[in-house]
Structure formats: C-alpha cells, structure tokens
Amino acid sequence: MKKILLPLTLLTLISCAPKIAEVVETKKSEPVVPAGEAAEGLVLFETNCGKCHELPVVGRYSKEKWQKIVPAMAKEAQLDAAQENKIAAYVNWKLQQQQ
C-alpha cells in the first residue's frame, strides 16, 4: 500500500504546485506599407509584373540590377514613364525596408 500511496502523493503535490512562467508582453507591430508613389508602384508591380510571370522577390536583386530590370520590363509591359518611376520607387522602398 505504501508503494502506491507515495507515488500518488508526490504526483498530487507536483500537479497542484503553482506553475511558474514568465509572462512576455509582445507588441503587435503595424505592417509596414509604402506610401505615395511607392504605394502606387506596388499596385503597378503586382498587376503588371504578374501578368506574364511569377512576381520576383525584390530582395533577390541589387539596386543596380533593378535599375536595369525595371526599364526593360516597363517597356515590355508598355508602361509609361510615370508608371515606370512608380514601380522603381516601390522597388527602392522595398530594398530599404530589407536592410
């Protein structure tokens, strides 16, 4: 009987002991979204660049590489200079966010 009672008593004491845990307060950060021309560029980027191929990951290429990609793709997509500049603004904004 003692062999059964001792483990049950220990189990009861352990399960009834207060749980000690550190409470960590986390702040929900607001999603970072572009503003102005970069915001318009995001929309143009998503709607035009995704028509013919999968959207590229901006961070995959350097700023210098994007300076060659954007004009070439804007011409291919028949975008005007203002639209091209907005996409470039978005790409530059995105690259800065990833630093």
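That block above? That's the structure.
Reading the values: rules and limits
Residues numbered from 1 in each chain as written. Predicted model: local features only at pLDDT ≥ 70, side-chain atom pairs only at ≥ 80, totals over all residues. Heavy atoms only, no water. Helix = DSSP H or I, 4+ residues; strand = E, 2+ residues; numbered from the N terminus. Buried < 20%, exposed > 50% of the residue type's maximum accessible area, 1.4 Å probe, protein only. Areas by Shrake-Rupley, 256 points an atom, 1.4 Å probe, with all protein chains shown as cover. Polar contact = N/O pair within 3.5 Å; in protein donor to acceptor, adjacent residues only side chain to side chain. Expected span 1.5 Å × (residues − 1). Contact = heavy atoms within 4.5 Å.

Trainee: Whenever I open this one, the overall build of the protein chain confuses me. Can you help?
Mentor: Of regular secondary structure, the protein chain possesses 4 helices and 0 strands. In sequence order, the protein chain lays out its α and β elements as α-α-α-α. For the protein chain, buried positions account for 19% of its 99 residues. Accessible surface for the protein chain amounts to roughly 8400 Å². Of this, 59% is attributable to carbon and sulfur atoms.

Trainee: Would you mind going over the side chain of N48 with me for this structure?
Mentor: Mapped onto the elements, N48 comes out in helix α2 (residues 37–52). Side-chain polar atoms of N48 contact the side chain of T47, separated by 3.4 Å.

Trainee: Just checking my understanding: could you explain helix α4 (residues 81–97) for this structure?
Mentor: In an α-helix, one full turn covers 3.6 residues, which means residues spaced three or four apart are oriented alike. Here α4 contains 17 residues, and its C-alpha end-to-end distance of 24 Å stays within 8% of the 24 Å for a straight helix at 1.5 Å per residue. Among the residues making up α4, those that are buried are K86, I87, Y90, V91, W93 and L95. On its buried face, α4 sits against α2 and α3 (63–76). Regarding α4, its N-cap is D80, as a side-chain oxygen of that residue lies 3.1 Å from the backbone nitrogen of A82 further along.

Just geometry here; none of it tells us what the structure is for.
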